[in-house]
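Remarks on the overall topology
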Amino acid sequence: MIIAIDGPAASGKGTIARALAGHHRLPHLDTGLLYRGVGAAALASGTGFDDIPALAALAAGLDLAALDEEALKAGPVGEAASRVAAVPEVRAALLKLQRDFARQPGGAVLDGRDIGTVIAPEAEVKIFVTATPEARAERRFSELLKRGEAVTFDQVLDDIRRRDARDSGRAAAPLVQAPDAITLDNTGLDRDASIARALAIVAERIGRN
Ligand code: CDP
Ligand code: CDP
């Protein structure tokens, strides 16, 4: 069983994907970390966001085992990730790894922007997680405050709006809901209620198949 979780920034994709993976004992891949890894490598090496061959080389050489999730969740890395994610050559370099992960025996849970549309269109369950930009910015703002980052709510909201617009507007694998994905709008839901909804969606889908 492949479970595809897509949605905009800070919608709660990772939280839901981890909970579903735990419940159904499936391996989980947060595909945003791959783009964050390339974005962070571009920042560290001073690679320009218009230097396509160099960005593609960073993506091809990405060492999954060396990705430091904590460091990659820093504010500026999200913006860099969204810049490199718009480059088709970067997406192409990361495609096989994600497809292989999705198609491993027994199944998997993946979360990102294009799982249900490009990486695993054959997924048995697709959930499109969303919430208002304000609700998402509120969540990301409190995470960044806990990390000790000096940001304002308005900066976080701006970052989320800019990233959503770039992710939805790009030509390569844009953020778009798959026609067969179920929408989970968790604007008014807390973490546990949102997970409960996702578990119910999966149970309903499995029952139907
Ligand atoms: O956690 P958050 O939703 O803020 O971001 P993320 O899922 O870690 O993704 C960071 C960036 O990577 C996004 O803004 C997208 O531009 C890009 N991304 C993508 O293009 N395709 C994916 N499957 C996952 C992430
Ligand atoms: O992966 P993505 O960027 O979409 O979001 P996340 O990292 O799973 O969640 C962002 C933050 O929102 C986390 O601190 C969650 O605990 C919180 N949250 C949530 O995931 N779901 C809700 N319904 C409310 C808050």
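It should be emphasised that the depicted structure is a prediction, and the values quoted were computed from it without experimental measurement.

A few words now on helix α1 (residues 13–24). Between the first and last C-alpha of α1 there are 16 Å, a value that for 12 residues agrees with the 16 Å anticipated at 1.5 Å per step. Listed in full, the buried residues belonging to α1 are Lys13, Gly14, Ile16, Ala17, Leu20 and Ala21. Angularly, the buried residues of α1 cover 165 degrees about the axis, an arc narrow enough to put them on a single face. Those residues of α1 that are exposed and aimed more than 90 degrees away from the buried face are Gly22 and His23. Where the residues of α1 are buried, they touch β1 (2–6), β2 (28–30), β3 (108–112), β4 (125–130), β5 (182–185) and α10 (191–208).

UniProt's feature table lists "domain: Cytidylate kinase" (unreviewed entry) at residues 3–200, given in the numbering used throughout. As annotated, residues 3–200 has a helix share of 56% and a strand share of 11%, and its two end C-alpha atoms lie 13 Å apart.

Right, let's talk about helix α5 (residues 75–85) for a bit. The buried count for α5 comes to eight of 11 residues, which makes it a mostly enclosed element. What α5 keeps buried is the set Val77, Gly78, Glu79, Ala80, Ala81, Ser82, Val84 and Ala85. Contact partners of the buried residues in α5: α2 (32–45), α3 (52–60), α4 (69–72), α6 (88–102) and α9 (153–169).

What follows covers the site of ligand 1. Taken together, 18 residues are adjacent to ligand 1, and Lys13, Arg36, Arg140, Arg163 and Asp167 come closest. Separating an oxygen atom of ligand 1 from a side-chain N or O atom of Arg36 is a distance of 2.6 Å. Side-chain polar atom of Arg170 to an oxygen atom of ligand 1: 2.9 Å apart, as the coordinates give it. When atom positions are compared with the pocket grids, ligand 1 is found to occupy the largest pocket. Split by residue class, the shell around ligand 1 holds five nonpolar, four polar and nine charged.

You can see Ala74 is positioned in the loop between α4 and α5. The exposure class of Ala74 is buried, given its relative accessible area of 16%. Along the primary structure Ala74 and Arg18 are separated by 56 residues, whereas in three dimensions their C-alpha atoms are 20 Å apart. Beyond its immediate sequence surroundings of up to four residues, Ala74 is in contact with Arg36, Arg147 and Glu149.

It is the contact of α5 with α9, at a shortest axis distance of 10 Å, that shows an interaxial angle of 15 degrees. The angle between α5 and α9 falls in the class roughly parallel. Where α5 crosses over α9, the two elements pack in a sense that is left-handed. Listed contacts from α9 to Gly78, Glu79, Ser82 and Arg83 of α5 are Asp159, Arg162, Arg163, Arg166 and Asp167.

Near ligand 2 you find 13 residues, and of these Lys13, Gly14, Thr15, Glu143 and Leu189 are the closest. Contact between ligand 2 and Arg140: an oxygen atom at 2.9 Å from a side-chain N or O atom of the residue. Contact with the protein chains hides 82% of the accessible area of ligand 2, taken as 530 Å² for the molecule alone. With respect to the detected pockets, ligand 2 is housed in the largest pocket. When contributions to the shell around ligand 2 are tallied by element, the ones reaching two or more residues are α1, α8 (133–146) and α10. Residues that form the shell around ligand 2 fall into these classes: two nonpolar, five polar and six charged.

So, how was this worked out
- Residues numbered from 1 in each chain as written.
- Chains lettered and ligands numbered in written order.
- Predicted model: local features only at pLDDT ≥ 70, side-chain atom pairs only at ≥ 80, totals over all residues.
- Heavy atoms only, no water.
- Helix = DSSP H or I, 4+ residues; strand = E, 2+ residues; numbered from the N terminus.
- Expected span 1.5 Å × (residues − 1).
- Buried < 20%, exposed > 50% of the residue type's maximum accessible area, 1.4 Å probe, protein only.
- Arc of directions from axis to C-beta.
- Contact = heavy atoms within 4.5 Å.
- UniProt positions renumbered as here; feature names shortened; annotations may be inferred.
- Near = heavy atom within 4 Å.
- Polar contact = N/O pair within 3.5 Å; in protein donor to acceptor, adjacent residues only side chain to side chain.
- 1 Å grid on protein atoms, 1.4 Å probe; cavity = no way out; pocket = protein on both sides within 12 Å on 5 of 7 lines; lining within 4 Å.
- Sits in = over half its atoms within 2 Å of the grid points.
- Nonpolar A, V, L, I, M, F, W, Y, C, P; charged D, E, K, R; others polar.
- Axes fitted to C-alpha atoms, helices over the stretch in contact; angles between N-to-C directions.
- Parallel < 35°, antiparallel > 145°, perpendicular 65-115°, else oblique.
- Left-handed = near helix turned anticlockwise from the far one by under 90°.
- Areas by Shrake-Rupley, 256 points an atom, 1.4 Å probe, with all protein chains shown as cover.

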